[in-house]
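# Report on the structure
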Amino acid sequence: MDCNQNNGPKLIVAIDGYSSSGKSTMARSFARRVGYKYVDTGAMYRAVTLYALRHDLGAGGKVDTDRLVDALPQIHVSFAPAGADGVSHCLLNGEDVERQIRELPVSEHVSPVAAIPQVRHFLVAEQQAMGREKGIVMDGRDIGTTVFPQAELKVFVNASPEVRAMRRYKEMIAKGEHPDYAEVVRNIRERDHIDSTRKESPLRQAPDAIRLDNDHMTLEQQEEWLCQRFGEALARAGEKKY
Ligand code: DC
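Residues numbered from 1 in each chain as written. Predicted model: local features only at pLDDT ≥ 70, side-chain atom pairs only at ≥ 80, totals over all residues. Heavy atoms only, no water.

## Brief notes about the environment of E223
Filter applied, for reference: Strands are runs of DSSP state E lasting at least two residues, helices are runs of H or I lasting at least four, and both sets are numbered from the N terminus onward. Each residue is assigned to one of three classes by its accessible area relative to the maximum for its type, calculated with a 1.4 Å probe on protein chains only: buried under 20%, partly exposed between the two thresholds, exposed over 50%. Contacts are assigned to residue pairs with any non-hydrogen atoms lying within 4.5 Å of each other.
Secondary-structure assignment places E223 in helix α9 (residues 219-240). Taking the relative accessible area as the measure of exposure, E223 reaches 16% and is therefore buried. Along the backbone, E223 and Q118 are 105 residues apart, and their C-alpha atoms lie at a distance of 35 Å. Discounting chain neighbours no more than four positions away, the residues touching E223 are S29, F30 and R33.

Below, the structure written as structure tokens:
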């Protein structure tokens with residue numbers, strides 16, 4: 001099917017998976033191709049974490065849950081339309097924080113923040129509002145299970161920890177950093193553990209999600225694969241007569 005000629009019903013495409021599985025790159029590029037909105041929900045958890053760090057809502061290097069929960073009504077996370085770099089930057093209370101949310105302090109604190117139930121409820125409500133009009137590709141850890149259990153197309157992306165670590169390692173080298181590969185593997189395994197064992201919305205594959213193991217696939221092959229699954233979902237949705 002030609003994804004560029006998409007005149008069918010608007011769908012919700014939910015893409016979940018492990019960190020550094022390449023899901024965001026695939027989801028962003030696919031959304032552009034089919035003219036859908038793209039939402040990176042990891043950026044939203046990162047923006048809340050940045051707010052907590054900036055407002056000193058922690059002690060001893062840990063974010064204070066009660067103080068962060070009290071501050072939630074003051075936090076507004078949104079996305080600017082894609083700029084020249086093709087990326088839709090994340091805004092925290094209107095300020096472009098796309099660069100800051102990818103830096104180490106946020107990366108180091110985001111997993112425990114994402115495990116706080118009130119933070120999840122707050123952001124899930126925002127994510128559901130963003131998908132009200134459909135025509136959206138959203139990626140994260142709980143999109144097919146919690147945010148949009150009714151999504152017409154659900155994909156669960158995985159690759160081995162070693163392959164994901166190698167991708168992360170190369171990204172860091174490209175940024176001029178000097179990572180230790182064994183340390184990167186350890187970090188990936190630790191994040192997998194936190195993401196999949198937390199009580200609230202742990203990372204798991206929805207029963208009706210299609211699994212994509214992309215260890216040995218190029219980005220082009222993945223996009224082609226997704227395009228075919230999208231065509232099938234469109235056909236199913238057309239049969240349903242919305
Ligand atoms: O995908 P990422 O690395 O930017 O995600 C940042 C953190 O947020 C990571 O610890 C997983 C968590 N997250 C989540 O719990 N639920 C989501 N829907 C998206 C991300």
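## A short note on the pattern of salt bridges
Operational definition: We define a salt bridge as a contact between a side-chain nitrogen of Lys or Arg and a carboxyl oxygen of Asp or Glu at a distance within 4 Å.
Within this structure, the stated rule accounts for 17 salt bridges. Notably, a salt bridge pairs E223 with R33, separated by 2.9 Å at the nearest N-O pair. You can see E223 sitting in helix α9 and its partner R33 sitting in helix α1 (residues 23-34), a full 190 residues away along the chain. One salt bridge connects E152 with K134, and the closest N-O pair in it is separated by 2.3 Å. Placement of the pair is E152 in the loop between α6 (143-147) and β9 (153-158) and K134 in the loop between α5 (117-130) and β8 (136-140), with a sequence separation of 18 residues. By relative accessible area, which is 13% here, E152 ends up buried. Look at the salt bridges and you will find they share partners, linking R33, E223 and E224 into a network.

## Some details on the sheet that holds strand β5 (residues 77-79)
Where we set the bar: Each pair of strands is called paired provided DSSP finds at least two bridges between the two strands. With axes taken as lines fitted to C-alpha atoms, and helix axes fitted only over the stretch in contact, angles between N-to-C directions fall between 0 and 180 degrees.
Taken together, the 3 strands give an open sheet; going across it, the order is β5-β6-β7, and neighbouring strands pair in antiparallel fashion. Strand pairing shows two members of the sheet lacking a second neighbour, β5 and β7 (95-96), which therefore form its edges. With 3 bridges joining them, β5 and strand β6 (residues 90-92) adopt antiparallel strand pairing. Residue pairing across strands places F79 opposite C90, the latter belonging to β6. Across the sheet, helix α2 (residues 41-54) touches β5, β6 and β7, and the angle it forms with β6 is around 30 degrees.

## What about the packing of aromatic side chains?
The line we're drawing: Paired rings are identified among Phe, Tyr and Trp, the last through its six-membered ring, by centres lying within 6.5 Å, and are further divided according to the angle between planes into stacked (under 30 degrees), edge-to-face (over 60) and tilted (the rest).
Here the structure, examined in full by the defined rule, presents 4 aromatic pairs. Here Y18 and F156 contribute two aromatic rings whose centre-to-centre distance is 5.9 Å and whose plane-to-plane angle is 80 degrees, an arrangement assigned as edge-to-face. Of this pair, Y18 sits in the loop between β1 (12-17) and α1 while F156 sits in strand β9; the two residues are 138 residues apart in sequence, bridging distant segments of the chain. The exposure class of F156 is buried, given its relative accessible area of 3%. Residues Y169 and Y181 carry aromatic rings whose centres are separated by 5.8 Å and whose planes lie at 85 degrees to one another, so their mutual orientation is edge-to-face. Placement of Y169 in helix α7 (residues 161-174) and of Y181 in helix α8 (residues 181-197) is noted, with a sequence separation of 12 residues between them. A relative accessible area of 28% places Y181 in the partly exposed class. Here the aromatic residues F30, Y36 and F230 are joined through ring pairs into a cluster of three or more.

These figures capture arrangement, not role.
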